[in-house]
Amino acid sequence: MSSQWGFTTSRPTDARYGDDVAKYAMSHGEPGLKTFVREVLQNSNDARLDNDQPARVTFKLDSLQDDEAIEYLSALDIDNWADHADLATDTESGKHILEAIERIKDDEEIRVLTIEDENTEGLLGEENADESNFTALVRDVLFSSKSGDTAGGSYGLGKAVLWLYSGLSLVMFNSTLSEPDPKDDSPRLIGRTRLPTHKSKDGDTVYQGHGWYGSLNGDEAGARPESIWGDDADGVAEDLQLSRPDVPGTSIQVVDFRVPTAEERLDDEELADQITEMAIEWFWPAVYRGDLEVAVEVDGETKEASIDEYPRYEPFTSCLDNREDSVDKLEERGDVAQATISLDVPEKTGGNGGADGELDLLVRRAETGEYQHQNEVAFVRGAGMVVEYYDRDRVVVGNQDFHAVLLGGRARPWGTNENPGEADTTVEEFLTAAEPPQHDEWVRTETLANTYSRGFRTAVEGIKSDVTQRLRGLVAPDVDRGATGPQRLGNRFKIGNESREGRSDSESPSSQRVTGNTNISFDEVYTHWSFDGEVEPSNDRNEIRSVTVSLVRMAEERATSDRLPVQNISSDTAGVSISLPEENGVQVGRLEPAPGTSEISFEGVSKRDSRQVETRLKVSVDVAERRDD
Amino acid sequence: MVDNRFLADERELTEDDLGPYLQPLGRSLDLSPIDERIKEIRADDEIEAQSSLIDAELAPTLHRTLDLTRNEAADTGLWHYLCIVRFPEFVHYRWDHVYDPESPGNMKEKFLKAGTDAYSNALHRIWWGAELTYEDGESGEVEDRDYSRTKRVLGFQELANDILDHNFARYVPVTHACGDLLCHDMLNDIKEEGTYDDPPSNSNIVSRTTTLLREELTVRRVEMMEEDDIVETIEDLRDVVMRREAGWS
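Once a new chain begins, its residue numbering starts again from 1 and follows that chain's sequence as written. Here every chain gets a letter starting at A, and every ligand a number starting at 1, in the order they are written. This being a predicted model, a pLDDT of at least 70 is required before a residue's local features are given, and a value of 80 or more before pairs of side-chain atoms are given or counted; all residues contribute to the totals for chains, interfaces and linings.

**Observations regarding the overall build of chain A**
Next up, step 1: Across its full length, chain A carries 14 helices and 27 strands.
Next up, step 2: Residue burial here comes from a neighbour count, namely the number of other C-beta atoms, placed from the backbone, that lie within 10 Å of the residue's own C-beta, with 20 or more meaning buried, 12 or fewer meaning exposed, and in between meaning partly exposed. When the 629 residues of chain A are sorted by exposure, 42% land in the buried category.
Next up, step 3: Within chain A, contacts between residues separated by at least 24 positions form 70% of all contacts whose residues are at least 6 apart in sequence. The secondary structure listing takes helices from DSSP runs of H or I that are at least 4 residues long and strands from runs of E that are at least 2 residues long, numbered from the N terminus. Any residue pair is listed as a contact if its two C-beta atoms, each placed from the backbone, are within 7 Å.

Structure (C-alpha cells):
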C-alpha cells in the first residue's frame, strides 16, 4: 500500500478559500507561542482518560538536515504536495507557503515539532463519523466533540493553531486508540494540509484546498485518502519520525514549525524554555493536581515542566496547600484567607438548569520578594487551565500585596476534602460557555446568549466586580491597628474596617452613601460606548433623589474635563423620570426616581465616538433621608 | 527652614546655615556664566520681571553651563541648593507674584520641588525644558547646540505648561513635535494662510490640542509610534481644534 496526498475537488461555483477560516480566527489576538501552547495542552488535557494517571504531553523539537531531511520529505510525498502548493500561490497565504518552501530549500533544514501525548483517548471514531475525536481534530472545521459541555475547548477552533504554526500549513497525526477499533489495529496515521483553493494547471479542476495524506482505496474520482492503520502505519511513522509508544494517545507533527509573529527564529533551547514556562504559567492547576505532565525534548535531552522550576507560581499553589488552614484576616505574610462569590446561573433557554452557584476566592498575602504575578487573581475552573490572570494591582490604596486564585465550577472545592456538587457542575458549564474561542476570559459570548435565558449577562459580568469587592475587604490596609487619634474625631469620620466592604453607615462621607456597580464598554458595531449600572443607598433610611450619568474622557495621567455626550439612557426601575439635560454644554443622562425608590438601575449609550479613546462612566447620586409618604 | 520669611524674601539661607545638609556633587562647575546672563536679562528693558521670557532667555546658558547627565539632574538636592543658596534672588525675580502667605505652597515648590516633577522648581524646570527641546549641532559639542526650539517653547507660557507638565514630554520626539507644530510662529503662519474661518486663540489651540493628544495616548503607546506618525497625529488634532470641532467643554 502506498501513502500519498490527495486533494478534495470542488465545483467552480463553490466558495473559494484564500485561507482557512478557523486558522484566520485563531491568528487574531495573540498568535505568539502562548496561544499554541495553551491550545495544544488544552486538547490533551481534555482528552485525558478517566483514570488516576496524568495525561502526559511531550514536545519534541527536531531540526532535520541533509540526507535526513531529504528522506523525511520524500516519505512525506512532498513532490506531490508541492505540485498543489505551487498552484495556490496567487493568495496571500499561498505566497507565505511558497516563501516557507524557499526557506527550507535555502537552509537545507526543516524544523519539525512533534507533540506526543499519552494516557489520552486517541483519535477515536470512524473515518466519516458525524462526531468523534478523529473528525473533530483532523477533519472538521468549527466542530467540537469534546466530552460534555465542560471540556477546556468547546469550539473546535483551537486545533487550527496546529496549521497556523506550520509554515507549510501541514500537520501529521499518528494515534494509538484507547478503545479497540472494530475493523483496524492501532496505530492510526493520517496527514492533513490546508492550502488555499486552487485550480489544476489546465484549469479544468478546482481543488478546494484541503489535502489528505493517507492510503487511497480504489480509484473513485475525488475520493480522499483515508487513515493508514496497524503495521503499515508503523512503517510510515518510522520514516516520518513519528513512531510512538504503544499506549493510548496521539502524536501530532507540525511540519516546518514556526511562531507566526516572531521577528526572529528562536533556537531550540529558547523555544524549549518558553514552552515549559508557559505550560506552568497556564496549566499549573492541572500539573499541581497530578492531572497533567508536560516535558520538552531537544537533542535527546528531556526537560520536565515543573512548578519547582518556576517558583513564581508557587504563591498560587500555596493558596490551595494552605486552604484548610485559612485565616479570617491576612495578618502574617503567607496567610491564606478565603471568600465566597455568588454566581446566580440563570436557567437555560429551555427552562432547565440554573443554580445558585458559588465560586471560592483564595487570597494569600505575599511573602517578601514574591513580585511576579503579584496582586493578580488566577481564574480557574475544572479543566485545570488558568483562563486569565486578572490584574488587581492597587485594588485599594496601600493594600497588602497578594496572590489569589478564583476557583469556579468543578474546581471550587480544590484544596478541601469536599467533592464538587451539582451546582458546581452547573457553574462549570456556564463558565465554559462564557469563554470565547481563545478561552482567555469569562465574558458575554454568543454561546451564552444562545444557551441561557435573561440574567446571564449580569451573572458573568458581575464576577470581576465581586472579586474586586471581596479583595478590598481582605487586603485593605488596617488603619485601625495603630493609634487612631482622638475618639471624638474617630466617631465623626468612620474610616477603616467598618467601611471596607464598600458599605458603611449613615455617618460616612457622602461619597460612601451609595453602593453599586457600573460597566462601560465600547461597541465596535455601533461605534459608541454602552454603559449600565445600578446604585442603591448604603443605608435603608435613605432614598435616591437623582442620578446623573456623564462620560468622562481620560488622559495619560488622569481624567480631563472633556465629556462625551450621552445619546440616551433608560431604566428598568418603575416610576423613574428620564431626561437628557446639558451640563457645561454636554448632554448627560439624568434619572429622577419616584419617592421611596431605593435601588435604581440604568443602561444607555454614548453618541457615536470616532476617537475611541479611554472613556469612563461618572455617576453622581443625590441621596436624602427617606420621605415618609 | 524654608518658611514664610524666606519665601517672602525677608531672610536668606546661606551655605553655613545649610552646611550640615550639603553634599558635594563630585565635580566643580563654574556657575558665573549664569550669573552674567541673569544680570543681562534683568538689564534688558524688553523683558519684564515675572515674564516667561525670562525662562526662554536663561535656558540656553543654564543648560550649557549645567552640563549634567539626566541622572545627576534627577537629584533634587542639587536644585534645592541652586535655588535656595545660589540663585534665590533669581527665583524671587521670576516668581514673587505667586507668593501668598496664606498658602505658600506655590512659592515653596519653586525653591523645593524637583526630581521626577519636571515642571516646578524654578531652575529645574528651565533645565528640563531645554533638555527636552534642544537639538544637537553637527559637532555634538555643547557650544554647537541649537536652542531655538527651547526658546519658542519656554517663551510661550501655555505651550511650556501644556508640554512639560505631562508624561508624554518624557519622550523627546513628542516634545519636539509639539514645540515645532504648536509654537506661535507656526500657528500664526497657519492663520495667515486663511484656511480656517474662525480659529481659536493660540493658547486655546495649544491647550486643546495637547489635551486631545493626552486622550489619544490612553489607547496608543507613544514610544511605539514612528516620528512621522507622531507629527501626523498632532497635525490632525490641531486641525480638528482649529476647525472648532473638538467638543469644547
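After that view, the rundown keeps rolling.
**Let's talk about the packing of helix 3 (residues 32–43) of chain B against helix 4 (residues 53–65) of chain B**
When two helices pack together, their arrangement is captured by the angle between the axes and the distance separating the axes.
Residue and element names in this part refer to chain B.
Next up, step 1: To obtain each axis, a line is fitted to C-alpha atoms, and for helices this fit is confined to the stretch in contact; angles are then taken between N-to-C directions over 0 to 180 degrees. The geometry of helix 3 relative to helix 4 is characterised by a closest axis approach of 9 Å and an angle of 165° between their N-to-C directions. Taken together, the axes of helix 3 and helix 4 lie roughly antiparallel to each other. Here helix 3 runs over helix 4; the crossing is right-handed. Listed contacts from helix 4 to Pro 33, Ile 34, Arg 37, Ile 38 and Ile 41 of helix 3 are Ile 54, Glu 57, Leu 58, Thr 61, Leu 62 and Thr 65.
Next up, step 2: In this classification, the charged set is Asp, Glu, Lys and Arg, the nonpolar set is Ala, Val, Leu, Ile, Met, Phe, Trp, Tyr, Cys and Pro, and all remaining amino acids, among them Gly, are polar. Split into classes, the residues belonging to the contact of helix 3 with helix 4 amount to seven nonpolar, two polar and two charged. Roughly parallel means an angle under 35 degrees; roughly antiparallel means over 145; roughly perpendicular covers 65 to 115; every other angle is labelled oblique. By convention, the crossing between two helices is left-handed when the near helix turns anticlockwise from the far helix through less than a right angle, and right-handed when the turn is clockwise.

**Re the sheet that holds strand 26 (residues 600–606) of chain A**
All names here are of chain A.
Next up, step 1: Only when DSSP finds a minimum of two bridges between them are two strands counted as paired. Reading across the sheet, the four strands line up as 17-18-26-21 and stay open at both edges, with antiparallel pairing between neighbours. Bordering the open sheet on either side are strand 17 (514–523) and strand 21 (566–570), each of which pairs with just one other strand. The mean inter-strand angle of the sheet, taken between neighbouring strand axes irrespective of direction, is 15°.
Next up, step 2: Pairing between strand 21 and strand 26: four bridges, direction antiparallel. Considered in strand 26, the bridge of Asn 568 is made with Val 605.

**Things to note about the nonpolar core**
Nonpolar side chains in soluble globular proteins generally cluster together in the buried interior.
Next up, step 1: In this usage, the nonpolar core is the set of buried Ala, Val, Leu, Ile, Met, Phe, Trp, Tyr and Cys residues whose C-beta atoms join them within 7 Å. Ala 279, Phe 283, Val 363, Ala 404, Val 405 and Leu 406 of chain A are the most contacted members of the largest nonpolar core, which totals 117 residues.
Next up, step 2: Among the elements that line this core, the one with the most residues is helix 9 (residues 268–288) of chain A, at eleven residues.
Next up, step 3: These domain limits were set by an automatic method or by a database of domain assignments. Taken domain by domain, the makeup of this core includes at least three residues from each of domain 1 (3–304) and domain 2 (314–477) of chain A.
Next up, step 4: Discounting residues that sit within four places of it in the chain, Val 363 of chain A has contacts with Leu 330, Val 336, Ala 337, Phe 402, Ala 404, Leu 471, Leu 474 and Val 475 of chain A.
Next up, step 5: Ranked by size, the runner-up nonpolar core spans 56 residues in total, among them Ala 56, Leu 66, Ala 130 and Ala 169 of chain B.

**Some remarks on unusual backbone geometry**
Peptide bonds are mostly trans, and most non-glycine residues show a negative phi.
Residue and element names in this part refer to chain A.
Next up, step 1: Across the junction of Ser 186 and Pro 187, the peptide omega takes the value -5°, indicating a cis bond.
Next up, step 2: Mapped onto the elements, Pro 187 comes out in the loop between strand 4 (170–176) and strand 5 (188–194).
Next up, step 3: Phi is positive for Ser 169, close to 55°, though the residue is something other than glycine.
Next up, step 4: By the secondary structure assignment, Ser 169 is in the loop between helix 7 (160–164) and strand 4.
Next up, step 5: Despite not being glycine, Gln 612 shows a phi value in the positive range, around 55°.
Next up, step 6: Secondary-structure assignment places Gln 612 in the loop between strand 26 and strand 27 (615–625).
Next up, step 7: Judged by local crowding, Gln 612 falls into the partly exposed class, with 14 C-beta atoms found within 10 Å.

**Things to note about the environment of Val 336 of chain A**
Residues and elements named next belong to chain A.
Next up, step 1: When you line up the elements, Val 336 lands in strand 12 (residues 336–345).
Next up, step 2: The spatial distance from the C-alpha of Val 336 to the C-alpha of Asp 325 is 7.5 Å, given a sequence separation of eleven residues.
Next up, step 3: Residues contacting Val 336, with those up to four places away along its chain left out, are Cys 319, Asn 322, Arg 323, Ser 326, Leu 362, Val 363 and Arg 364.

**Notes on helix 4 of chain B**
Residue and element names in this part refer to chain B.
Next up, step 1: In this model, helix 4 (13 residues) spans 19 Å end to end at C-alpha, consistent with the 18 Å of a helix rising 1.5 Å per residue.
Next up, step 2: When the local axis directions of helix 4 are compared, the greatest deviation, roughly 40°, occurs at Ala 59, which is followed within four positions by the proline Pro 60.
Next up, step 3: Counting buried positions along helix 4 yields ten of 13 residues, so the element is predominantly enclosed.
Next up, step 4: Looking at the buried positions of helix 4, the neighbouring elements they touch are helix 3, helix 7 (88–95), helix 9 (122–131) and helix 10 (148–154). In this scheme, a helix's expected span is set at 1.5 Å multiplied by one less than its residue total. Bend, in this description, refers to the angle at a residue between axes fitted to the seven residues ending there and the seven starting there.

**Observations concerning the pairing of strand 3 (residues 109–118) of chain A**
Residue and element names in this part refer to chain A.
Next up, step 1: Burial analysis of strand 3 places eight of its ten residues in the buried class, which makes it a mostly covered element.
Next up, step 2: In terms of strand pairing, strand 2 (residues 55–65) meets strand 3 through ten bridges, oriented antiparallel. Residue pairing for strand 3: Thr 58 is matched across the bridge by Glu 116.
Next up, step 3: Sheet topology note: the strand 3/strand 9 (residues 249–255) ladder contains five bridges and is antiparallel. Along strand 9, the bridge assignment pairs Leu 113 with Val 254.

**Comments concerning the sheet that holds strand 16 (residues 402–407) of chain A**
All names here are of chain A.
Next up, step 1: Across the sheet, five strands lie side by side as 12-13-16-14-15; this open sheet has mixed pairing. Edge positions in the open sheet fall to strand 12 and strand 15 (386–391), since each of these has one partner strand only. The average undirected angle you get between the axes of adjacent strands in this sheet is 20°.
Next up, step 2: Direction of pairing for strand 14 (residues 376–380) relative to strand 15: antiparallel, over a ladder of five bridges. Each residue of the ladder has a partner; that of Glu 376, found in strand 15, is Asp 391.

It is worth stressing that arrangement in space is one thing and function is another; only the former is reported here.
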